[in-house]
Amino acid sequence: MYLLNSVLYSAVFDADRYTDIAQSSFLPLVKGALFYSIPMTLISFVIGIMLAITTALFRISGIKLLSGIARVYISIIRGTPLLVQLFIIFFGLPSIGIKIDPFPAAIIGFSLNTGAYASEIIRAAILSIPKGQWEASQSIGMSYGQSLRRIILPQATRVSIPPLSNSFISLVKDTSLASTILVAEMFRKAQEIVANTYEPLLLYVEAALIYWIICFILSLVQDQIENKLNRYVS
């Protein structure tokens, strides 16, 4: 009987302790997401998309030099792990006198990575537009740039939205890698709390749930955007 009471007391004590840790860690984790993870995702994605559009246009330009530069860039980024890229930028560049703070280093790494992968999505979307669209726009006197800006890119945008949305959601999860270069994002906060509480399972599961909630909300937004775009497609 005494042993049973001890076990029950220990279980209740542990449950209370786990609850206290989860509650006290929730706000720091959310702050890490709001002040670092989400801004890092948004900034990196915007820069990455601009880089991706430029790279995609280089690929389809027909100019060998531009196309070659784009191919080499895409090959290097897609052929190396994102974690290695972050380490080169943050830990490697200081050896040649280029020192970058953790947050900007993460932005650079994620932007370059997003740009390479998204450029292939955008290039494929542009090439999916029927050639007749180009011919029709040129027949009414549009230049190449006008045809691209007014006719091709708007249609390619609708085609590329679903895969780009998936890339954005993946980028939210990839920001956890920034913890390895000392960015105080959500996963880094979880690691710091684990170092004090010695409860890795509880903290990492809590962080995973917050990531899941963010990605679930983004998935709902993605569905709404796709539904609106599909209303104009017969």
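Residues numbered from 1 in each chain as written. Predicted model: local features only at pLDDT ≥ 70, side-chain atom pairs only at ≥ 80, totals over all residues. Heavy atoms only, no water.

A. Quick peek at the overall build of the protein. A tally of helices and strands in the protein yields 8 helices and 0 strands. Going from N to C terminus, the protein has its helices and strands arranged as α-α-α-α-α-α-α-α. Taking 17 Å as the expected radius of gyration for a compact globule of 234 residues, we find that the protein reaches 23 Å, considerably beyond that expectation. By principal-axis analysis of the C-alpha atoms, the protein measures approximately 90 × 55 × 25 Å. Long-range contacts, defined as pairs at least 24 residues apart, comprise 75% of the intrachain contacts of the protein with a sequence gap of at least 6. With an accessible surface of roughly 13700 Å², the protein has 68% of that area assigned to carbon and sulfur atoms. (Helix = DSSP H or I, 4+ residues; strand = E, 2+ residues; numbered from the N terminus. Rg over C-alpha atoms; globule rule 2.2 N^0.38 Å. Contact = heavy atoms within 4.5 Å. Areas by Shrake-Rupley, 256 points an atom, 1.4 Å probe, with all protein chains shown as cover.)

B. Geometry of the packing of aromatic side chains. All chains considered together, the criterion is met by 6 aromatic pairs. Plain terms: the ring middles of Phe-90 and Phe-91 are 4.8 Å apart, the flat faces sit at 80° to each other, and that makes the pair edge-to-face. Assessed through its relative accessible area of 42%, Phe-91 is described here as partly exposed. Three or more aromatic residues joined by ring pairs make a cluster, and in this case those are Phe-87, Phe-90 and Phe-91. (Phe/Tyr/Trp six-rings, centres within 6.5 Å; stacked < 30°, edge-to-face > 60°. Buried < 20%, exposed > 50% of the residue type's maximum accessible area, 1.4 Å probe, protein only.)

C. The arrangement of the confidence of the model for the protein in detail. Looking at the protein, pLDDT values average 89 and 93% of them are 70 or higher. For the protein, helix H5 (residues 131–139) is the element with the lowest average pLDDT, namely 80, and helix H3 (residues 82–92) is the one with the highest, namely 97. Confidence drops under a pLDDT of 50 for residues 7–13, and excluding neighbours within four residues, the segment shows 0 contacts in the predicted structure. (pLDDT = per-residue confidence, 0-100.)

D. Structural context of unusual backbone geometry. Its identity is not glycine, yet Leu-182 carries a phi of approximately 75°, on the positive side. Among the structural elements, Leu-182 can be located in the loop between helix H6 (144–174) and helix H7 (186–197). A positive phi angle, close to 55°, is found at Tyr-198, a residue other than glycine. Within the secondary structure layout, Tyr-198 lies in the loop between H7 and helix H8 (200–230).

E. Structural view of the packing of H7 against H8. Interhelical geometry of H7 versus H8 gives an angle of 160° and a closest axis separation of 9 Å. One finds that H7 runs roughly antiparallel with respect to H8. Crossing geometry of H7 relative to H8 is assigned as right-handed. For the pair formed by H7 and H8, the contact residues are Met-186, Phe-187, Ala-190, Gln-191, Ile-193, Val-194 and Thr-197 on the first element and Pro-200, Leu-203, Tyr-204, Ala-207, Ile-210 and Tyr-211 on the second. Counted by class, the contact of H7 with H8 contains 11 nonpolar, 2 polar and no charged residues. (Axes fitted to C-alpha atoms, helices over the stretch in contact; angles between N-to-C directions. Parallel < 35°, antiparallel > 145°, perpendicular 65-115°, else oblique. Left-handed = near helix turned anticlockwise from the far one by under 90°. Nonpolar A, V, L, I, M, F, W, Y, C, P; charged D, E, K, R; others polar.)

F. Main features of the layout of surface pockets. Volume-wise, the largest pocket comes out at about 360 Å³. In terms of lining, the largest pocket is formed by 19 residues, of which the most central are Phe-45, Thr-157, Ser-160, Ile-161 and Leu-164. Considered class by class, the residues forming the lining of the largest pocket number 15 nonpolar, 4 polar and no charged. (1 Å grid on protein atoms, 1.4 Å probe; cavity = no way out; pocket = protein on both sides within 12 Å on 5 of 7 lines; lining within 4 Å. Points joined across faces, edges and corners; volume = space filled by probe spheres on them.)

G. Region of interest: the side chain of Ser-25. Along the chain, Ser-25 falls in helix H1 (residues 2–60). You can call Ser-25 buried: its relative accessible area is 1%. A polar contact of 2.8 Å, which involves the side chain of Ser-25, links it to the backbone oxygen of Ile-21. A polar contact of 3.2 Å, which involves the side chain of Ser-25, links it to the backbone oxygen of Ala-22. Those residues in contact with Ser-25 that lie beyond four places of it in its chain are Ile-193, Leu-203 and Glu-206. (Polar contact = N/O pair within 3.5 Å; in protein donor to acceptor, adjacent residues only side chain to side chain.)

H. Structural context of the nonpolar core. By size, the foremost hydrophobic cluster in this structure holds 41 residues, and its most contacted members are Met-40, Ala-106, Phe-110, Leu-164 and Ile-181. Going through the elements one at a time, H1, H3, helix H4 (102–127), H6, H7 and H8 are the ones with two or more residues in this core. When residues of this core are assigned to their parent elements, the largest contribution, 9 residues, is made by H4. In this view, Met-40 contacts Phe-103, Ala-106, Ile-107, Phe-110, Thr-175, Ala-178, Val-183 and Glu-185; residues no more than four positions away in its chain are not counted. (Core = buried A, V, L, I, M, F, W, Y, C linked by side-chain atoms within 4.5 Å.)

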